[in-house]
Amino acid sequence: QVQLVESGGGLVQPGGSLRLSCAASGGLVSDYTMAWYRQFPGKLHDLVALITTRNRTDYAAAVQGRFTISRDDARNTVDLQMNSLKSDDTAVYFCATGAIWGVGSRGQGTQVTVSS
């Protein structure tokens, strides 16, 4: 089973940008639909963005036009570029395989805090 490790989270001011990265080992990201999820305190995991094996992308309405998911096959990573961040984007972000949370592999998560 592929192992996933997220990085790139942190504290950013509203309107700022962050780039999250998900490094995979034990498997190729190009073999899976890869997704980013986020979890707000006390809530379930929400799908943020996904990229299929054929490079089709899809986004949650709340992040459409601000976030971009991409896959780097040479580095075996999946990145999430987050622009125009809002306080509502504050959450723990997880990288996972598949479009349904809990079915495939997932990382430990990285905290993103948007605050002035």
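Residues numbered from 1 in each chain as written. Predicted model: local features only at pLDDT ≥ 70, side-chain atom pairs only at ≥ 80, totals over all residues. Heavy atoms only, no water.

Undergrad: Please set out the state of the cysteines residue by residue, giving values where relevant.
TA: Two cysteines form a disulfide when their sulfur atoms are joined by a covalent bond. In total, this model carries 1 disulfide according to the counting rule given. The disulfide partner of cysteine 22 is cysteine 95, and the S-S distance across this bridge is 2.0 Å. Looking down the S-S bond of the cysteine 22 and cysteine 95 bridge, the torsion is -75 degrees, so its handedness is left-handed. Of this pair, cysteine 22 sits in strand S3 (residues 18–25) while cysteine 95 sits in strand S9 (residues 91–97), and the two are 73 residues apart along the sequence. Here cysteine 22 and cysteine 95 have matching classes, each one buried. (Disulfide = S-S within 2.5 Å. Helix = DSSP H or I, 4+ residues; strand = E, 2+ residues; numbered from the N terminus. Buried < 20%, exposed > 50% of the residue type's maximum accessible area, 1.4 Å probe, protein only.)

Undergrad: Go over the sheet that holds strand S7 (residues 67–72) with me, naming the residues and quoting the values.
TA: Spatial strand order, S1-S3-S8-S7: 4 strands in an open sheet with antiparallel pairing. Two strands bound the open sheet, and with one partner strand each, they are strand S1 (3–7) and S7. Adjacent strand axes in the sheet meet at a mean angle of 15 degrees when their direction is disregarded. One ladder, built from 6 bridges, connects S7 with strand S8 (residues 77–82); its direction is antiparallel. (Pairing = 2+ DSSP bridges. Axes fitted to C-alpha atoms, helices over the stretch in contact; angles between N-to-C directions.)

Undergrad: Pulling in residues and values, what's your account of the side chain of glutamate 6?
TA: Mapping glutamate 6 onto the fold places it in strand S1. Buried charge without a partner: glutamate 6 forms no salt bridge, and the closest opposite charge is arginine 106, 8.6 Å away. A polar side-chain atom of glutamate 6 sits 3.1 Å from the main-chain amide nitrogen of glutamine 108. Separated by 2.9 Å, the side chain of glutamate 6 and the backbone nitrogen of glycine 109 make a polar contact. Not counting chain neighbours up to four residues away, the residues in contact with glutamate 6 comprise Ser21, Cys22, Trp36, Tyr93, Phe94, Cys95, Gly107, Gln108, Gly109 and Thr110. (Lys, Arg positive; Asp, Glu negative; His and termini not counted. Salt bridge = Lys/Arg side-chain N within 4 Å of Asp/Glu carboxyl O. Polar contact = N/O pair within 3.5 Å; in protein donor to acceptor, adjacent residues only side chain to side chain. Contact = heavy atoms within 4.5 Å.)

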